[in-house]
Amino acid sequence: MKTRIEFKKRSKPFPHDYSVPMRRLASYLVSKAQKRIAAGIAPANSQLTQDVKGNNLPLRDTGRYMAGIAAASGTNWAQAGTKDPRARMLQEGGEIKPKRARSLAIPAGARTRQMMRRYGQTPRACIDAMKADGYQVWSTKLSKVIWARKGKTGKPFALFLLRKSVKIPARPHLYIDEADEREAIAMIERHLGFAK
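Chains are numbered independently. Their residues run from 1 in the order of the written sequence. Totals for whole chains, interfaces and linings use every residue, but because this is a predicted model, local features are given only for residues with pLDDT of at least 70 and side-chain atom pairs only at 80 or more, for both listing and counting. Note: side-chain values were computed over all heavy atoms of the structure, leaving out hydrogens and water.

**Brief notes about helix H7 (residues 178-192)**
A run of H or I in DSSP counts as a helix once it spans at least four residues, and a run of E counts as a strand once it spans at least two, with each numbered from the N terminus. Each helix should span, by expectation, one fewer than its residue count multiplied by 1.5 Å. Taking 1.5 Å per residue as the helical rise, H7 with its 15 residues ought to reach 21 Å, and the 21 Å between its terminal C-alpha atoms agrees with that figure. Remark: exposure states derive from per-residue accessible area (1.4 Å probe, protein chains only) relative to the maximum for the residue type, with buried under 20%, exposed over 50%, and partly exposed in between. Those residues of H7 lying buried are Asp180, Ala184, Ala186, Met187 and Ile188. Between two residues, a contact is recorded if the distance between any of their heavy atoms is within 4.5 Å. Residues of H7 that are buried in the fold lie against strand S1 (2-6) and helix H1 (19-39). Distance and chemistry together define a polar contact, namely a pair of N or O atoms within 3.5 Å, with one atom able to donate a hydrogen and the other to accept it when in protein, and with adjacent residues in sequence counting only for side-chain atoms on both sides. Two to three positions downstream of the cap, the backbone nitrogen of Ala179 sits 3.2 Å from a side-chain oxygen, assigning the N-cap of H7 to Asp177. Among the residues trailing H7, Gly193 stands out with phi positive, at a value near 85°.

**A word on the sheet that holds strand S7 (residues 145-150)**
One bridge is not enough; two strands pair if DSSP finds at least two bridges between them. Spatially, the 4 strands line up as an open sheet ordered S5-S8-S7-S6, and their pairing is antiparallel. Only two strands of the sheet have a single neighbouring strand rather than two, namely strand S5 (104-107) and strand S6 (135-139). Taking the axes of each pair of neighbouring strands and ignoring which way they run, one obtains an average angle of 25° across the sheet. Note: S7 against strand S8 (residues 157-163), 4 bridges, orientation antiparallel. In the strand pairing of S8, Ile146 is matched with Phe160. Note on geometry: axes are C-alpha line fits, over the in-contact stretch for helices, and angles between N-to-C directions span 0 to 180 degrees. Strand contacts of helix H5 (residues 110-119): S5, S6 and S8, with the helix running at about 90° to S8, the strand carrying the most contacts.

**Some details on the sheet that holds strand S3 (residues 77-81)**
The 3 strands are arranged S1-S3-S2 in an open sheet whose pairing can be described as antiparallel. Strand pairing shows two members of the sheet lacking a second neighbour, S1 and strand S2 (70-73), which therefore form its edges. Neighbour to neighbour, the strand axes of the sheet diverge by 15° on average, direction disregarded. Across 5 bridges, the pairing between S1 and S3 is antiparallel. Across the sheet, the residue bridging to Thr3 is Ala80, located in S3. Sitting on the sheet, H1 touches S1, S2 and S3, and the angle it makes with S3 is about 25°.

**A look at the packing of H1 against H7**
At a closest axis distance of 10 Å, the pairing of H1 and H7 adopts a crossing angle of 155°. Classified by the angle their axes make, H1 and H7 are roughly antiparallel. The hand of the H1/H7 crossing is right-handed. Contacts between H1 and H7 involve Val20, Pro21, Met22, Arg24, Leu25, Tyr28, Leu29, Lys32 and Arg36 on the former and, on the latter, Ala179, Asp180, Glu183, Ala184, Met187, Ile188 and His191. Residue composition of the contact of H1 with H7, grouped by class: 10 nonpolar, 1 polar and 5 charged. An angle below 35 degrees is treated as roughly parallel, one above 145 as roughly antiparallel, one from 65 to 115 as roughly perpendicular, and anything else as oblique. Helix crossings get a hand from a simple test, with the near helix turned counterclockwise from the far one by less than a right angle marking a left-handed crossing and a clockwise turn marking a right-handed one. When residues are sorted by character, Ala, Val, Leu, Ile, Met, Phe, Trp, Tyr, Cys and Pro go into the nonpolar class, Asp, Glu, Lys and Arg into the charged class, and all the rest, Gly among them, into the polar class.

**As for the pairing of S2**
As paired strands, S2 and S3 are joined by 4 bridges and run antiparallel to one another. Bridging from a neighbouring strand, Ala72 pairs with Gln79 of S3. Counting the residues that bridge the hairpin from S2 to S3 gives 3 residues.

**Digging into the packing of H5 against helix H6 (residues 123-132)**
Remark: H5 packs on H6, axes separated minimally by 9 Å, with the N-to-C direction vectors making an angle of 80°. Put simply, H5 runs roughly perpendicular to H6. Contacts between H5 and H6 involve Met115, Met116 and Tyr119 from the former and Pro123, Ala125, Cys126, Ala129 and Met130 from the latter. By residue class, the composition of the contact of H5 with H6 is 8 nonpolar, no polar and no charged.

Okay, here's the thing in structure tokens:
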């Protein structure tokens, strides 16, 4: 997923080497995307997501996604983008459905997040490691919840919610607006000595 500005060649050979301002422009585009995320992008997270994360910062959790937005440039183009497989869904929104399982396992709260950090990042890895550590894990057909408790006497808690699908709202953050276009032109003009 990327956002890109490209200046088309009108003559051959290309009259100027714009690689220096293109590097600056690419860094600018990365900065703009990161600032949009840091400022908060509507809509707000669902209440369940807020409970799991412990905050209401859309597109921000561990910071890896935002840090993964990188710059690239050439002699006449600049772009900001990420290879993160979640990028298109976060940018455009959509529906997530299970690929091999019957249901998606959605963390049921902040405690589940703690368990996943300790036992495994995927629901299956987390459950398997919890069982190996003495937890009982079970579900019932009617509740659509995976429950857990430590040993036979621990207090049960909801571990995962089972859902057929989850809708992710669009949160555009990788794009070029009119201000970005004006800044691109200004960078080229400064490079050519037309502006201060």
